Amino acid sequence: MRPPAILRPNPRLPITDGPCAPVTEPVGFHVTPDCPPRSRRTAESLLEGGHITAGATGRSDLELICRADGLTLVAHPASGPALELHIDLVGGARGYRHARAERSREDLVRALGRLPRGSRIIDASAGLGRDALVLAARGFEVVAVERNPVLAALLRDAMERASSHRVLRASLDRLSLQQADVREWLSRHEGIFDAAVFDPMFPPRRKDAEVRKEMRIVHRLLGANPDPDAPETLKALQGRVRRCVVVKRPLHAPAVGGLRPARSLRGRSTRFDVYLPSTVGSQPPGRPGKG
Ligand SMILES: C[S@@+](CC[C@H](N)C(=O)[O-])C[C@H]1O[C@@H](n2cnc3c(N)ncnc32)[C@H](O)[C@@H]1O
């Protein structure tokens, strides 16, 4: 059996913000007695890094809760019911089967072109891990990078829970989650990827009520202007790919930073802008590191 090394928090990568991470909201922390030890350890590394505060922060309506089903982020808005973000890669409306069947994920794979199985892809915006998992399920080796420590912890916890799932195990073995700003991560790792995908935050417009709820809490966590450095991130990715960078955008949104893509693939509600590498031939053909 292959060791599940990529599912464990990497001790060489402490949960810290990268240099260009935007300011995010303070998050309180609450643990119930039935919280599984693995989830508790993931949350404790956030506590140690000062990314969450035990008990209520008094400054925030956001709270990370560790309960029997693992980590959940809860938002208590001034009015209306509480919102919850609990990543479940296996079941539910956001689970693996649903994500795999979604048209927009098919389009993402098409936008990448004909990449053979085993190609190495960097997902520069891991978020809730749906794109990364679908790409890993297609047989790609995926390094997924998420700079928000709380989101990265929620995703790591979900990956650990899903690792016992018979169907998902092989895909998760091909998926490495890194908590860092992707530009900072790239500066510490040599080599180039076959392709990159980048899905920076944008005001949610999708009709699906559940997705809207999920993204509302992500927006609450990441603040009003979540990814102001998206153009710089795109340029950094262009310098580290062999084939292309695919940027996901809402259908009618402007291109990131006004940068003109080589081509675009238009889905029902999402557009995939494809950018060519900026340094083909000038990068050493090394294998990008995982850790
Ligand atoms: C719209 S979400 C991505 C959703 C994801 N594609 C999925 O399938 O769930 C955007 C995420 O990208 C992350 N992000 C944006 N710029 C980043 C960067 N430079 N490095 C790492 N993460 C970044 C944000 O923190 C946010 O969580």
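Residues numbered from 1 in each chain as written. Predicted model: local features only at pLDDT ≥ 70, side-chain atom pairs only at ≥ 80, totals over all residues.

1. Looking at the overall build of the protein chain
Stage number 1. In terms of helices and strands, the protein chain carries 9 helices and 12 strands.
Stage number 2. In the protein chain, which comprises 291 residues, the proportion classed as buried is 41%.
Stage number 3. For the protein chain, restricting intrachain contacts to residue pairs at least 6 apart in sequence, the fraction spanning at least 24 positions comes to 74%. (Helix = DSSP H or I, 4+ residues; strand = E, 2+ residues; numbered from the N terminus. Buried ≥ 20, exposed ≤ 12 C-beta atoms within 10 Å, placed from the backbone. Contact = placed C-beta atoms within 7 Å.)

2. Some thoughts on the site of the ligand
Stage number 1. If you check the shell around the ligand, you find 21 residues, and the closest are Ser-125, Gly-127, Leu-128, Arg-130 and Arg-147.
Stage number 2. Looking at the shell around the ligand, the elements that each hand over two or more residues are helix H4 (130-137), strand E7 (141-146) and helix H7 (182-188).
Stage number 3. A class-by-class count of the residues in the shell around the ligand yields 8 nonpolar, 5 polar and 8 charged. (Near = placed C-beta within 6 Å. Nonpolar A, V, L, I, M, F, W, Y, C, P; charged D, E, K, R; others polar.)

3. Overview of the sheet that holds E7
Within a sheet, adjacent strands bond to each other through the backbone by hydrogen bonds, running parallel or antiparallel.
Stage number 1. With respect to topology, 7 strands assemble into an open sheet ordered E8-E7-E6-E9-E10-E12-E11, the strand pairing being mixed. On the outer flanks of this sheet lie strand E8 (175-179) and strand E11 (263-266), each paired with one strand and no other. Put simply, the sheet's adjacent strands are angled 20 degrees from each other on average, direction ignored.
Stage number 2. Taken strand by strand, helix H9 (residues 230-238) contacts strand E9 (193-198), strand E10 (241-250) and strand E12 (270-275), and its axis lies near 155 degrees from that of E10. (Pairing = 2+ DSSP bridges. Axes fitted to C-alpha atoms, helices over the stretch in contact; angles between N-to-C directions.)

4. Digging into the pairing of strand E3 (residues 62-67)
Stage number 1. With 3 bridges connecting them, strand E1 (residues 28-31) and E3 associate as parallel partners. Its bridge partner being in E3, Val-31 is matched across the sheet by Cys-66.
Stage number 2. Pairing analysis gives 6 bridges linking E3 to strand E4 (residues 70-75), with the strands arranged antiparallel. Paired with Glu-63 across the bridge in E4 is Val-74.
Stage number 3. Counted between consecutive antiparallel strands, the loop separating E3 from E4 contains 2 residues.

5. Here's the deal with helix H6 (residues 166-173)
Stage number 1. Considered for burial, the residues of H6 that qualify are Leu-168, Ser-171 and Leu-172. Around the axis of H6, the buried residues are gathered within 100 degrees of arc, so they sit on the same side. The exposed residues of H6 that point more than 90 degrees off its buried face are Arg-166 and Ala-170. (Arc of directions from axis to C-beta.)

6. A few points about the sheet that holds E4
Stage number 1. Strand order in the open sheet formed by 5 strands is E2-E1-E3-E4-E5, and the pairing between neighbours is mixed. The strands lining the two open edges of the sheet, one partner per strand, are strand E2 (53-54) and strand E5 (83-85).
Stage number 2. Relative to E5, E4 runs antiparallel, the two being bridged by 3 bridges. In the strand pairing of E5, Val-74 is matched with Glu-84.
Stage number 3. Packed onto the sheet, helix H5 (residues 149-162) meets E3, E4 and E5 and runs at close to 145 degrees relative to E4.

7. Describing the environment of Asp-69
Stage number 1. Checked against the element boundaries, Asp-69 lands in the loop between E3 and E4.
Stage number 2. When the 15 C-beta atoms within 10 Å are taken as the criterion, Asp-69 is described as partly exposed.

8. Description of the packing of helix H1 (residues 37-48) against H5
Stage number 1. The N-to-C vectors of H1 and H5 enclose an angle of 165 degrees; their axes lie 10 Å apart at closest approach. Regarding the angle of H1 to H5, the classification is roughly antiparallel. Crossing handedness for the pair H1 and H5: right-handed. Across the interface between the two elements, Arg-38, Ser-39, Thr-42, Ala-43 and Leu-46 of H1 pack against Pro-149, Val-150, Ala-153, Arg-156, Asp-157 and Glu-160 of H5.
Stage number 2. Looking at the contact of H1 with H5 residue by residue, the class counts come to 5 nonpolar, 2 polar and 4 charged. (Parallel < 35°, antiparallel > 145°, perpendicular 65-115°, else oblique. Left-handed = near helix turned anticlockwise from the far one by under 90°.)

9. Remarks on the nonpolar core
Stage number 1. The biggest cluster of nonpolar side chains holds 72 residues, and the ones touching the most others in it are Val-150, Leu-154, Leu-155, Ala-196, Val-245 and Val-246.
Stage number 2. At 9 residues, the largest contribution of residues to this core is made by H5. (Core = buried A, V, L, I, M, F, W, Y, C linked by C-beta atoms within 7 Å.)

10. Remarks on the confidence of the model for the protein chain
Stage number 1. On average, residues of the protein chain score 83 in pLDDT, and 78% of them reach the 70 mark or higher.
Stage number 2. Low pLDDT, under 50, characterises residues 1-23; the stretch is placed with 47 contacts to residues that sit more than four places away or in other chains.
Stage number 3. Note that residues 281-285 has pLDDT below 50 and, in this model, 5 contacts with residues that lie over four places away or in other chains. (pLDDT = per-residue confidence, 0-100.)

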